[in-house]
Amino acid sequence: MLQKSASFPGIQGPVVTIVMDGYGIARSDLGSAIAAARKPTLDKLFANYPNITLRAHGIAVGMPSDEDMGNSEVGHNAIGAGQVYSQGASLVADAIASGAIWQGAAWQQIVAGAKAGRSVIHFLGLFSDGNVHSHIDHLRAMVLRARDEGVKAVRIHALLDGRDVPETSALDYLLPFEAFLAEVSSGGFDARIASGGGRMNITMDRYEANWRMVDKGWHTHVLGEGDQYASASAAVEALRVRFPGTIDQDLPPFVIAENGQPVGTIEDGDSVVFFNFRGDRSIEITRAFEEATFDKFDRVRVPSVTYAGMLQYDGDLKLPRRFLVDPPAILDTMGEWFAKAGLTQFACSETQKFGHVTYFWNGNRSNKFDGETYQEVPSDVVPFEQRPWMKAAEIADAMIEALKSGQYRTLRCNFANGDMVGHTGNFRAATMAIEAVDLELARILPVIDALGGVALITADHGNADEMYEIDKKSKQPAKNADGSFKAKTAHTLNPVPLILYDNVSGGKLGLAQNATAGLSNIAATIANLLGFEKHAKWDDSLLVVK
Ligand SMILES: O=C(O)[C@H](O)COP(=O)(O)O
Ligand SMILES: [Mn+2]
Ligand SMILES: [Mn+2]
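Residues numbered from 1 in each chain as written. Chains lettered and ligands numbered in written order. Predicted model: local features only at pLDDT ≥ 70, side-chain atom pairs only at ≥ 80, totals over all residues. Heavy atoms only, no water.

The protein goes by 2,3-bisphosphoglycerate-independent phosphoglycerate mutase in an unreviewed UniProt entry, where it is assigned to Candidatus Accumulibacter aalborgensis. If you open the UniProt record of the protein and go to Catalytic activity (unreviewed entry), you find "(2R)-2-phosphoglycerate = (2R)-3-phosphoglycerate". The heading Function (unreviewed entry) in the UniProt record of the protein holds the text "Catalyzes the interconversion of 2-phosphoglycerate and 3-phosphoglycerate." (UniProt positions renumbered as here; feature names shortened; annotations may be inferred.)

Put into structure tokens, the structure is as follows:
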């Protein structure tokens, strides 16, 4: 049981955590949609309330190195668990480096399954080195291992990124990889890219926002239906001419064919590895491969395959059944321990981030703890640069209603705007996204005051704080040939804010900045605000009681 705090009785009213997804602290105003936004409420918060910065990238959130940006999964895991676990990116890299992955039953079944059939392994996943959902080096290692174990053919189904990496970088990955595949295709081994498309166009939907994407992906990868090209790089070049201005993540699907025949449809007896390690965008396609009865779209033909995910994406649902590397065992989350203490908890976001404040928050578990209530506001299915306000107002409505109901001791929400609009690379829309969040904070905070509560306002990682690519050499914003700035769609390496909105303690409470303060210190801070000591496993609280 969590112990009652000896030094602080806890806030009488509700304790609220607001995650502004993708809101980092920019190093420079140039290129920051946050600096360019009109945000009087946030300006007042930074000027008048205790606030510090938190590390939200790299080793501080369980990534392999400090070159790795943060992301929603590792960020919400660290917030919710109050601890830092080695995350998928690190676990897979380590399993490959040590060779443990090849000794595991899942890899051996993938190889044995393929050999019992046509001896084909399909590798499907996000084709970049973003290290948010996947890493191309993991794919390369698996192709080589498959060859060395005597598999006859591999087929790669490449989801183009442009969201965790520069927005038109697909050829930087495809051309060297095609050369690599050509080089290893000898002595009876045949390795080719068979299909692909932009990750926000096909296959990688999340939280059931738009099953149509998965439907299109199935038709592309499994059935081999769609526009045909001679190679993936030729497809990308042609699609860029046909759809000018379309960035990689949005490119339409393509199928690689020879003499009119797709080179890599997925057939009975094949093996399939979905090589993303992150779960949110892996679950729907995995369900399409694994579920016997399935009503999300017409699969037309369901090949009988040996299927594995890089990790298990949902431990509660056991999805997928077979996986190459064990996921981090995230234990003792604040959701669990607050439930054990009998606290009522409310979580809300719109579809695009709903799982972030529920499933990621609770250590990648889809089942609720006792006393938790979840509310999902359905997201629009549109390009978010066209609706930068997204569902911020509706999330605020839900939070205000939940607050006023008096039913919840602690509440949390995620505003998707800074992140989802930041990923479009549209600077103007991103400023509006931040302005929308600011407007809604101005609605929620007075309600918290009226109830005698407090709020922690923070973020999971940066995004809208850096909307221009930074040139690696000069460290300055990079420019296009025409002199305009190069739009950046990915997350940033910047820290995030932690603001304590407190009008009830009379200045008794503050936040302690220290060199290692990070997202994993938030759980203990919330526990203290609720009047509890932190769980022994959680990183230290940042709350100062004067
Ligand atoms: O999945 C995505 O949209 C991006 O790769 C990462 O964004 P998120 O980590 O904020 O979800
Ligand atoms: Mn995020
Ligand atoms: Mn993001």
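So that's the structure; there's more coming.
J.: Requested: an account of the domain arrangement of the protein, with residues and values cited.
T.: Each assigned domain of the protein is listed with its residue range as follows: domain 1 (15-84 + 330-545) and domain 2 (89-309). Summarising the inter-unit geometry, the C-alpha centres of domain 1 and domain 2 are found 32 Å apart. The interface is formed by 25 residues belonging to domain 1 together with 22 residues belonging to domain 2. Across the domain 1 to domain 2 interface the summed buried area is about 1,800 Å²; carbon plus sulfur atoms make up 51%. Here domain 1 is connected to domain 2 by seven residue pairs in polar contact (both at pLDDT 80 or more). Mapped onto the side of domain 1 that touches domain 2, the elements with two or more residues apiece are helix H3 (72-81), helix H13 (351-354) and helix H14 (356-360). (Domains from an automatic or database assignment. Contact = heavy atoms within 4.5 Å. Buried area = accessible area lost by both parts, 1.4 Å probe. Polar contact = N/O pair within 3.5 Å; in protein donor to acceptor, adjacent residues only side chain to side chain. Helix = DSSP H or I, 4+ residues; strand = E, 2+ residues; numbered from the N terminus.)

J.: Talk me through the pattern of salt bridges; I want residue IDs and the actual numbers.
T.: In total, this model carries 28 salt bridges according to the counting rule given. Put simply, Asp21 and Lys353 hold a salt bridge, and the shortest N to O gap is 3.4 Å. Here Asp21, found in the loop between strand E1 (15-20) and helix H1 (33-36), pairs with Lys353, found in helix H13; they are 332 residues apart in sequence, far enough to count as distant. For Asp21, a relative accessible area of 0% gives the class buried. By relative accessible area, which is 1% here, Lys353 ends up buried. With a closest N to O distance of 2.7 Å, Arg155 and Asp190 form a salt bridge. With Arg155 in strand E4 (residues 153-160) and Asp190 in strand E5 (residues 190-198), the pair connects residues that are 35 residues apart, well separated along the chain. A relative accessible area of 30% means that Asp190 is categorised as partly exposed. One salt-bridge network, in which partners are shared between bridges, spans Glu208, Arg287, Glu291 and Lys296. (Salt bridge = Lys/Arg side-chain N within 4 Å of Asp/Glu carboxyl O. Buried < 20%, exposed > 50% of the residue type's maximum accessible area, 1.4 Å probe, protein only.)

J.: Residue-level account of the side chain of Ser271, with values.
T.: Within the secondary structure, Ser271 sits in strand E9 (residues 271-274). A polar contact of 2.7 Å, which involves the side chain of Ser271, links it to the backbone oxygen of Ile110. Among all residues touching Ser271, those that are not within four sequence positions of it are Gln109, Ile110, Gly113, Ala114, Val120, Ile121, His122 and Thr306.

J.: Explain the UniProt feature "active site" (unreviewed entry) in the protein residue by residue, including any values.
T.: When the UniProt feature table is mapped onto this chain, "active site" (unreviewed entry) is found at Ser72. Looking at the element boundaries, Ser72 is found in helix H3. Exposure remark for Ser72: the relative accessible area of 2% places this residue in the buried category. At 3.0 Å, the side chain of Ser72 and the side chain of His356 are in polar contact.

J.: Give a detailed account of the site of ligand 1, specifying residues and quantitative values.
T.: Residues in close proximity to ligand 1 total 17 residues, the closest being Ser72, His133, Asp164, Arg278 and Arg281. Between ligand 1 and Asp419 there is a distance of 3.0 Å, counted from an oxygen atom to a side-chain nitrogen or oxygen. Residue His491 places a side-chain N or O atom 3.1 Å away from an oxygen atom belonging to ligand 1. Here ligand 1, which alone exposes 300 Å², has 100% of that area covered by the protein. Tallied by class, residues from the shell around ligand 1 come to one nonpolar, seven polar and nine charged. (Near = heavy atom within 4 Å. Areas by Shrake-Rupley, 256 points an atom, 1.4 Å probe, with all protein chains shown as cover. Nonpolar A, V, L, I, M, F, W, Y, C, P; charged D, E, K, R; others polar.)

J.: Quick rundown of the coordination of the manganese ion (ligand 2)? Include the residues and the values.
T.: Those donors, Asp21 (OD), Ser72 (OG), Asp460 (OD) and His461 (NE2), are the protein atoms that reach the manganese ion (ligand 2), and they lie 1.9 to 2.2 Å from it. The sequence motif formed by the donor residues of the manganese ion (ligand 2) is D-x50-S-x387-D-H. (Donors = N, O, S within 2.8 Å, 3.2 Å for Na, K, Ca; no water.)

J.: Give a detailed account of the coordination of the manganese ion (ligand 3), specifying residues and quantitative values.
T.: Octahedral six-donor coordination of a metal ideally yields angles of 90 or 180 degrees, compared with 109.5 degrees for tetrahedral four-donor coordination. The coordination sphere of the manganese ion (ligand 3), as far as protein atoms go, consists of Asp419 (OD), Asp419 (OD), His423 (NE2) and His491 (NE2), spread over 2.1 to 2.3 Å. For the manganese ion (ligand 3), the six donor atoms are set out with angles of 57 to 171° between them, so the coordination reads as irregular. Mapped onto the sequence, the donors of the manganese ion (ligand 3) take the spacing D-x3-H-x67-H. Separating the manganese ion (ligand 3) from the manganese ion (ligand 2) is a gap of 4.3 Å. Taking relative accessible area as the criterion, Asp419 reaches 1% and is therefore assigned buried. (Tetrahedral: all angles 85-135°; square planar, octahedral: opposite > 155°, others 65-115°.)

J.: Summarise the sheet that holds strand E12 (residues 372-377); cite the residues concerned and give the values.
T.: Taken in spatial order, the seven strands make up an open sheet running E2-E15-E14-E1-E13-E11-E12, and their pairing is mixed. Looking at strand neighbours, the two that pair on one side only are strand E2 (51-54) and E12, the edges of this open sheet. The sheet shows a mean angle of 15° between the axes of neighbouring strands, direction not considered. Across five bridges, the pairing between strand E14 (residues 454-458) and strand E15 (residues 496-502) is antiparallel. Across the sheet, Val454 pairs through a bridge with Asp502, a residue of E15. Here helix H2 (residues 40-48) sits on the sheet and contacts E1, E2, E14 and E15; the angle it forms with E15, its principal contact strand, is near 80°. In the packing of helix H17 (residues 427-450) onto the sheet, the strands contacted are E1, strand E13 (410-415), E14 and E15, and the crossing angle to E1 comes to about 175°. (Pairing = 2+ DSSP bridges. Axes fitted to C-alpha atoms, helices over the stretch in contact; angles between N-to-C directions.)

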